[in-house]
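Residue-level listing of the chains:
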Amino acid sequence: MDLISIRDLNKETVGEILDLANDVADGKKKPDLKGKIIATLFFEPSTRTKLSFQSAAMRTGMSDLDFLADLSSLKKGESFADTIKTVEGYADILVVRHKKEGSARLAADMSEKPVVNGGDGGNQHPTQTLIDLFSIRRMKGKIGELNVTLMGDLKHARTMRSLLYGLSMFGANVTLISPKGLEMDPEYIKEVEEKFKVKVKTKNEPEFRDADVLYVCRIQAERFADPYEAQSVMKKFRLMKSDLEGTKKELIILHPLPKINEIDAEIDKMPQAKYFEQAHYGVPLRIAVIDYVLRK
Ligand code: NCD
């Protein structure tokens, strides 16, 4: 099986992966994948996604082939397609990240081996969404009926697109907050609303008194046509400690990371800040994903 978009999964499958990740995190299950090889092909920068996939693979006994784009034949002009067709012969599962939307789907169409999307441009990042759902379920005991606010550059962030879909699948009440001009694609919101019979709220002001979960992402400067425009919104849209006054006592703050300056450093020390714990859940969750994908 390939895992390219959160749309490829139904609620039952997501539930199975989250349950498996839970057992892995609690030490109740330990998939044994000794002898298998994972290839991590990241054509765009990454810290968490790549390293947690590698850590997950090593913890199951797998070995990792790390494709380093800058030191590869890509530099000689080799195509993405030829790279994928070559590496699929060297590994049992491929994790692919690329700046072009649709690149992971293209890799999956070309490869006989399972392909997992590690992020394709501004489109999808399904394993990050599984980590997010896993984190919310572990920290809050449920996903449905929670008020979840997604705040940041919702136009360009693939994590937010995938997450809106995943949260709506579980019946969470989602509010989207973004600076003017960086709203999520209304067509995509409509698709999610119709599919899951939910109502998604949208705002341009940071207001989250009702939120149980506040999920922040950075301004995706690399996807702006005008870099000055990105800098100017980065200065205006920041979460400060004072913004948390009057919010729910049990509020948790999540972020896919990397964060740049959209969350004031003082917030890192507050009990609400859960983003590093969330990042650490990347390992059990990706162990579950690798095991699941290889079995299906
Ligand atoms: C995100 C990504 O690459 O989309 N990072 C991640 O995988 N945790 C978020 C981002 O870059 O803003």
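Residues numbered from 1 in each chain as written. Predicted model: local features only at pLDDT ≥ 70, side-chain atom pairs only at ≥ 80, totals over all residues. Heavy atoms only, no water.

Enquirer: Is there a simple way to explain the sheet that holds strand 7 (residues 201-203) in this structure?
Expert: Taken together, the five strands give an open sheet; going across it, the order is 7-6-5-8-9, and neighbouring strands pair in parallel fashion. The two strands at the open ends of the sheet, each matched to only one other strand, are strand 7 and strand 9 (252-254). Each neighbouring strand pair of the sheet contributes to a mean axis angle of 20°, computed without reference to strand direction. Where strand 8 (residues 213-216) and strand 9 come together, three bridges link them in parallel fashion. For Val213, the partnering residue across the bridge sits in strand 9 and is Ile252. (Pairing = 2+ DSSP bridges. Helix = DSSP H or I, 4+ residues; strand = E, 2+ residues; numbered from the N terminus. Axes fitted to C-alpha atoms, helices over the stretch in contact; angles between N-to-C directions.)

Enquirer: Help me out: how do you make sense of the nonpolar core in this one?
Expert: Nonpolar side chains in soluble globular proteins tend to be buried together. Formed by 61 residues in total, the largest nonpolar core has its most connected members in Leu130, Leu150, Leu164, Leu167, Leu176, Leu285 and Ile290. At eight residues, helix 10 (residues 282-295) tops the list of elements feeding residues into this core. Shared between two domains, this core holds at least three residues of each, these being domain 1 (6-124 + 281-295) and domain 2 (126-279). Contact partners of Leu130, with chain neighbours within four places excluded, come to Leu3, Ile6, Leu9, Val14, Ile17, Leu18, Leu285 and Val289. Formed by 17 residues, the second largest nonpolar core is a distinct cluster that contains Ile177, Phe208, Leu257 and Ile267. (Core = buried A, V, L, I, M, F, W, Y, C linked by side-chain atoms within 4.5 Å. Buried < 20%, exposed > 50% of the residue type's maximum accessible area, 1.4 Å probe, protein only. Domains from an automatic or database assignment. Contact = heavy atoms within 4.5 Å.)

Enquirer: What should I look at first to understand the packing of helix 1 (residues 11-25) against helix 10 in this one?
Expert: Between two packed helices, both the angle of their axes relative to each other and the distance between the axes serve to describe the pair. Following both chains from N to C, one finds helix 1 and helix 10 inclined at 125°, their axes separated by 8 Å at the closest point. It follows that helix 1 is oblique to helix 10 by the angle criterion. Considering how the two elements wind past one another, helix 1 and helix 10 form a crossing that is right-handed. Counting all contacts with helix 1, which are made through Thr13, Glu16, Ile17, Leu18, Leu20, Ala21, Val24 and Ala25, the residues of helix 10 involved are Pro284, Leu285, Ile287, Ala288, Val289, Asp291, Tyr292 and Arg295. (Parallel < 35°, antiparallel > 145°, perpendicular 65-115°, else oblique. Left-handed = near helix turned anticlockwise from the far one by under 90°.)

Enquirer: So what exactly am I meant to see when it comes to unusual backbone geometry here?
Expert: With glycine set apart, most residues show a phi of negative sign, and most peptide bonds adopt trans. Omega for the peptide link from Leu257 to Pro258 comes to 5°, which places this bond in the cis form. Of note in the backbone geometry, Glu145 takes a positive phi value of approximately 70° without being a glycine. Position of Glu145 relative to the elements: it lies in the loop between helix 5 (126-140) and strand 5 (147-151). A positive phi is found at Leu257, a non-glycine position, where the angle reads about 65°. Of note, Leu257 is situated in the loop between strand 9 and helix 9 (275-280).

Enquirer: Teacher, can you tell me more about the site of the ligand here?
Expert: For the ligand, the full set of nearby residues is Thr49, Arg97, His125, Gln128, Arg158, Thr159, Arg218, Gln220, Pro256, Leu257 and Pro258. In the model, an oxygen atom of the ligand is placed 3.1 Å from a nitrogen or oxygen of the Arg97 side chain. The contact in question runs from an oxygen atom of the ligand to an N or O atom on the side chain of Arg158, over 2.7 Å. Bound to the protein, the ligand loses 94% of the 320 Å² it would expose on its own. Tallied by class, residues from the shell around the ligand come to three nonpolar, five polar and three charged. (Near = heavy atom within 4 Å. Polar contact = N/O pair within 3.5 Å; in protein donor to acceptor, adjacent residues only side chain to side chain. Areas by Shrake-Rupley, 256 points an atom, 1.4 Å probe, with all protein chains shown as cover. Nonpolar A, V, L, I, M, F, W, Y, C, P; charged D, E, K, R; others polar.)

Enquirer: I'm lost on helix 6 (residues 158-169) in this one. Help?
Expert: In an α-helix, one turn spans 3.6 residues; hence positions three or four apart end up facing the same way. Its twelve residues place the ends of helix 6 17 Å apart at the C-alpha level, agreeing with the 16 Å of an ideal helix rising 1.5 Å per residue. Of all twelve residues in helix 6, twelve are buried, a share of seventy percent or more. Those residues of helix 6 not exposed but buried are Arg158, Thr159, Met160, Arg161, Ser162, Leu163, Leu164, Tyr165, Gly166, Leu167, Ser168 and Met169. Positive backbone phi, at 75°, marks Gly171, one or two positions downstream of helix 6. (Expected span 1.5 Å × (residues − 1).)

Enquirer: Mind showing me how you'd approach the packing of aromatic side chains here?
Expert: The geometry of an aromatic ring pair is captured by two quantities: the separation of the ring centres and the angle between the planes. The full count for this structure, using the stated rule, is five aromatic pairs. When the centroid spacing of 5.1 Å and the interplanar angle of 45° are considered together, the rings of Phe43 and Phe67 count as tilted. Placement of the pair is Phe43 in the loop between strand 1 (37-42) and helix 2 (48-59) and Phe67 in strand 2 (residues 63-68), with a sequence separation of 24 residues. Exposure class is identical for Phe43 and Phe67. Each is buried. Over the ring of Tyr188 we find Arg161; its NZ or CZ atom is 4.2 Å from the centre of that ring. (Phe/Tyr/Trp six-rings, centres within 6.5 Å; stacked < 30°, edge-to-face > 60°. Lys NZ or Arg CZ within 6 Å of the ring centre and 35° of its normal.)

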